[in-house]
Amino acid sequence: VLFAPFLQSCLLCNIMFYSLEGVNLTAAKERGQLVFLEGLKSCLDLLFGEEEEQSGQPSPLQFISESASNLKALFDFVRTSLTPAGSDSWKGPVLLVDDLSVLLSLGVTPVAVLDFIHYCRVAVCSQLKGNIVVLVHSNEDSEDEENELVVNSLCHHSDLILWVEGLATGFCKDVHGQIKIIRRVSLELTAEQDHVQIYQYKIQDKNVTFFARGLSAAVL
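Every value quoted in this text rests on a predicted model; they were computed, and no experiment measured them.

Enquirer: Before we move on, can you summarise the overall build of the protein chain with the specific residues and values?
Expert: A tally of regular secondary structure across the protein chain gives 7 helices and 8 strands. Within the protein chain, buried positions represent 31% of all 220 residues. Accessible area of the protein chain: about 14100 Å², with a carbon and sulfur share of 53%.

Enquirer: Would you mind going over the sheet that holds strand E2 (residues 35-36) in detail, with residue names and values included?
Expert: Spatially, 4 strands are ordered E2-E1-E3-E4 in an open sheet, and the strand pairing comes out parallel. Across the chains shown, the open sheet's two edge strands, defined by having one partner strand only, are E2 and strand E4 (131-135). Bridge count for strand E3 (residues 94-98) against E4 is 5 bridges, and the pairing is parallel. Its bridge partner lying in E4, Val97 is registered against Val134. Lying over the sheet, helix H4 (residues 72-82) contacts strand E1 (2-5), E2 and E3, oriented at roughly 150° with respect to E1.

Enquirer: For the pattern of salt bridges, give the residues involved together with the corresponding values.
Expert: For the structure shown, the criterion picks out 4 salt bridges. Linking Asp174 and Lys202 is a salt bridge whose minimum nitrogen-to-oxygen distance equals 3.9 Å. Here the residue Asp174 occupies a position in the loop between strand E5 (160-165) and strand E6 (177-183), and Lys202 occupies one in strand E7 (residues 195-203), the gap between them amounting to 28 residues. What makes Lys202 partly exposed here is its relative accessible area of 26%. Taken together, the shared-partner salt bridges connect Lys72, Asp76 and Arg79 into one network.

Enquirer: Describe in detail empty space enclosed by the protein, supporting the description with residues and values.
Expert: For the structure on display, the rule yields 1 cavity of 30 Å³ or more. Reported here for the largest cavity is a volume of approximately 40 Å³. Put simply, the parts of the chain that give the lining of the largest cavity at least two residues each are E1 and H4. Across the lining of the largest cavity, the residue classes tally to 10 nonpolar, no polar and no charged.

Enquirer: Please give an account of the sheet that holds E5 that cites residues and values.
Expert: Taken together, the 4 strands give an open sheet; going across it, the order is E5-E6-E7-E8, and neighbouring strands pair in antiparallel fashion. The two strands at the open ends of the sheet, each matched to only one other strand, are E5 and strand E8 (208-212). The sheet shows a mean angle of 30° between the axes of neighbouring strands, taken without regard to direction. The pairing of E5 with E6 spans 6 bridges and is antiparallel. Its bridge partner lying in E6, Trp163 is registered against Lys180.

What counts and how
- Residues numbered from 1 in each chain as written.
- Predicted model: local features only at pLDDT ≥ 70, side-chain atom pairs only at ≥ 80, totals over all residues.
- Heavy atoms only, no water.
- Helix = DSSP H or I, 4+ residues; strand = E, 2+ residues; numbered from the N terminus.
- Buried < 20%, exposed > 50% of the residue type's maximum accessible area, 1.4 Å probe, protein only.
- Areas by Shrake-Rupley, 256 points an atom, 1.4 Å probe, with all protein chains shown as cover.
- Pairing = 2+ DSSP bridges.
- Contact = heavy atoms within 4.5 Å.
- Axes fitted to C-alpha atoms, helices over the stretch in contact; angles between N-to-C directions.
- Salt bridge = Lys/Arg side-chain N within 4 Å of Asp/Glu carboxyl O.
- 1 Å grid on protein atoms, 1.4 Å probe; cavity = no way out; pocket = protein on both sides within 12 Å on 5 of 7 lines; lining within 4 Å.
- Points joined across faces, edges and corners; volume = space filled by probe spheres on them.
- Nonpolar A, V, L, I, M, F, W, Y, C, P; charged D, E, K, R; others polar.

Dropping the structure here:
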């Protein structure tokens, strides 16, 4: 698994995963099961000129210090990290990116972002038979055309979409929002429509409870 968070630090991600799922990211990294690209720290280091090349290799995020929107170094890092060595027998690599919208905020063009995802899809999904999980932010009232272009393109090519949003009726202490699960059956070139399921959820201290609409504990 290659985990590339651009919004949270390694320490905070480890705390969240351990408290919610009991997963120790540090232990997984030591066992060779996880490659952690600390995007937030690397971005700050490059912006302030503190990032140094390691083993003669350029930083995966070197585009930050360049004028061009070139994500080749980032893609090369993804491909190298997820390609098993000769002695490895593991299968089904996974690329996790949180949050792809940050790349746009860093000056990368939508075309460069979509090209990066396309090449990752070819390498990870087609060649290595793995999966890609990407987080992006969207708002129906947003005037950010570049972000919406990326969101719409990702939705068009995704097999599964998890669309999380707040309640249209506003704040509720017993229901924090709803999640729409869209299974893209239409990608299989069949006459079937996409399968859509909608659940509501409540975030608790160390858990998230999901339930059908109108069936929260407060109502029952």
